[in-house]
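Now for the letters of each chain:
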Amino acid sequence: MAVLDTNKARACFPSLRSGHIYADNAGGSRTTQAVIDRIVDYLSNTNAQLEAGYAAVNSQRVSEGSIAAVELFNATSPDEVGFGSSATMLLENIARALENDIQPGDEFIITYEHEANNGAWKRLAARRNAVVKYWHPIPVSAENPYSLTYRVEELLPLVSSRTRLAAITACSNILGSVIPVEEIVKALRQRAKEQGAMKIEVALDCVAYASHRRMDVQKWDVDYCVISVYKVFGAHNAVAYVRPAALQTSFTSIVHDFLEVDDKPRKFQPDGPGQELVYGASAIVPYLKSLTPEDDLTASFNAIAKHEQDILTPLLRFLTDAKQVERGVRIIGESEINFSRTSNVSFVVVGQNAIKSKNIVEAFNKKGGISIQCGYFGAYYLIDNLRPKLDMNDGVVRISFVHYNTVEEVEKIVDVLREVLA
């Protein structure tokens, strides 16, 4: 396995030159210079409506963004991907397009993860008199009631003959855990078949996954998949994959009725995406491939995963040390260091000497030079359902790394935590 050259990677991000430690990457990664350059170039030289007769160059540039998205998802065609302003908006558009294909009594299985992949389905269920069921995470440690994880054994009993859609998350932006998507979807479809379900589709949220692991919508056998480009080293937009069969047979167009979009992603894009941002996204795949000599996404993501395990180790070892556990530190999610989790760590400090999450973040702010964050991070109901109950106005502390973070940066963060928890 190739070793990641972090110095080479860091040189591609102008915002890292200041030496500031960015440790809230789950909220948004840094943007590569190549992405910035393409956005500036597009706006400076080729900014025109795509339909304009003189706009062949910028039409080609926009198509390059779609081609890059195809490679990221491991889809098969640009006709399977569509850009939008956010993952939340894309999923809402997908739910709107699905509306006429949903019948009263149909069942949706969702999680308590980020509301982007929950709210759209809850609203659709309310409009169509469908039923919402929840796949609950369960604690895996008797010593830590917050040590939640998702088990397929808790999912399968929810499947019935009326199951129409399962909305799941490849990686929790709170727990940091990675679910085995291929295994889960295979088991889900098999149980649906056994129960006599007529049609089941899977919507996958990869927002917290895409910067850490290689995606593969073909291997996973999912119908819908979304990512936020600004969390994968690009600008502030998002992109969705839609299986061609779903696009053609499940969707009703939500765009102008005079447009012929029956088999095109425009079918769920009532607003045209920012063209310069789509072109900017075309720089992401070349950047990722450049991280390893193989010039291959799989090789690069393998190197990324290995590096992230290395930088995760000092933080998790400190937070799970017996002294810190006695102090009241509790990891939200599993605390083992292995490839079933990303370098995204959430925790609280509870007990007789509890510390508010906001106070921990404020201590970092006063020190300066390091960014971490606290809150519920869009996963409101996941935090709200934790027991013992947490203060929703305070939430959890989240420290999240990506491949351009270094062991030295993590050790500085641990030093500050050591002072705060003393």
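Residues numbered from 1 in each chain as written. Predicted model: local features only at pLDDT ≥ 70, side-chain atom pairs only at ≥ 80, totals over all residues. Heavy atoms only, no water.

**Q** Give a description of the overall build of the chain that names residues and reports values.
**A** In terms of regular secondary structure, the chain is built from 16 helices and 15 strands. C-alpha extents for the chain along the principal axes are approximately 65 × 55 × 40 Å. Looking at the chain as a whole, 56% of its 422 residues are labelled buried. Looking at the chain alone, contacts between residues at least 24 apart form 68% of all its contacts between residues at least 6 apart. Surface summary for the chain: the accessible area is close to 17,400 Å², and the carbon and sulfur share equals 49%. (Helix = DSSP H or I, 4+ residues; strand = E, 2+ residues; numbered from the N terminus. Buried < 20%, exposed > 50% of the residue type's maximum accessible area, 1.4 Å probe, protein only. Contact = heavy atoms within 4.5 Å. Areas by Shrake-Rupley, 256 points an atom, 1.4 Å probe, with all protein chains shown as cover.)

**Q** Provide a residue-level description of unusual backbone geometry, including the pertinent values.
**A** The omega torsion of the bond from Arg387 to Pro388 falls at 0 degrees, within 30 degrees of zero and hence cis. With respect to the helices and strands, Pro388 occurs in the loop between α15 (380-384) and β15 (396-400). One non-glycine residue, Asp221, lies in the positive phi region at around 65 degrees. Relative to the elements of secondary structure, Asp221 occurs in the loop between α8 (217-220) and β9 (224-228). Classification of Asp221 by relative accessible area gives partly exposed; the value is 30%.

**Q** Any details on the sheet that holds β15? Residues and values, ideally.
**A** Consider a sheet: its strands pair through backbone hydrogen bonds, and that pairing is either parallel or antiparallel. Pairing in this open sheet of 4 strands is antiparallel, and the strands run β11-β12-β15-β14 from one edge to the other. If you trace the sheet from one side to the other, it starts and ends with β11 (329-331) and β14 (373-375), each paired once. The sheet shows a mean angle of 35 degrees between the axes of neighbouring strands, direction not considered. When β11 meets strand β12 (residues 344-349), the two strands line up antiparallel, connected through 3 bridges. Counted as the bridge partner of Val329 is Val349 from β12. (Pairing = 2+ DSSP bridges. Axes fitted to C-alpha atoms, helices over the stretch in contact; angles between N-to-C directions.)

**Q** Run through empty space enclosed by the protein, naming residues and quoting values.
**A** Overall, the coordinates contain 3 cavities of 30 Å³ or more when judged by the stated rule. In terms of lining, the largest cavity is formed by 19 residues, of which the most central are Ala26, Asn173, Val207, Ala208 and Lys231. Grouping the constituent residues of the lining of the largest cavity by class yields 6 nonpolar, 10 polar and 3 charged. (1 Å grid on protein atoms, 1.4 Å probe; cavity = no way out; pocket = protein on both sides within 12 Å on 5 of 7 lines; lining within 4 Å. Points joined across faces, edges and corners; volume = space filled by probe spheres on them. Nonpolar A, V, L, I, M, F, W, Y, C, P; charged D, E, K, R; others polar.)

**Q** Tell me what's going on with the sheet that holds β9, and back it up with residues and numbers.
**A** Taken in spatial order, the 7 strands make up an open sheet running β2-β10-β9-β8-β7-β3-β4, and their pairing is mixed. Two strands in the sheet have a free side with no partner beyond their single neighbour: β2 (81-84) and β4 (131-134). Neighbouring strand axes in the sheet, compared pairwise and without regard to direction, differ in orientation by 20 degrees on average. Pairing of strand β8 (residues 201-205) with β9, which is carried by 3 bridges, proceeds in the parallel orientation. Note on β9: the bridge partner recorded for Asp205 is Val226. The strands touched by helix α5 (residues 116-128) are β3 (107-110), β4, β7 (163-169) and β8; relative to β3, the strand with the most contacts, the crossing angle is about 160 degrees.

**Q** Break down the nonpolar core for me, citing the residues and quoting the values.
**A** Among the nonpolar cores identified, the biggest contains 87 residues, and Phe73 and Leu288 are the most heavily contacted of them. Broken down by element, this core gets its largest block of residues, 6 residues, from helix α3 (residues 56-73). Phe73 has contacts with Val81, Met215, Asp216, Val217, Cys225, Ile227, Val239, Ala240 and Tyr241, leaving out every residue within four places of it along the chain. (Core = buried A, V, L, I, M, F, W, Y, C linked by side-chain atoms within 4.5 Å.)

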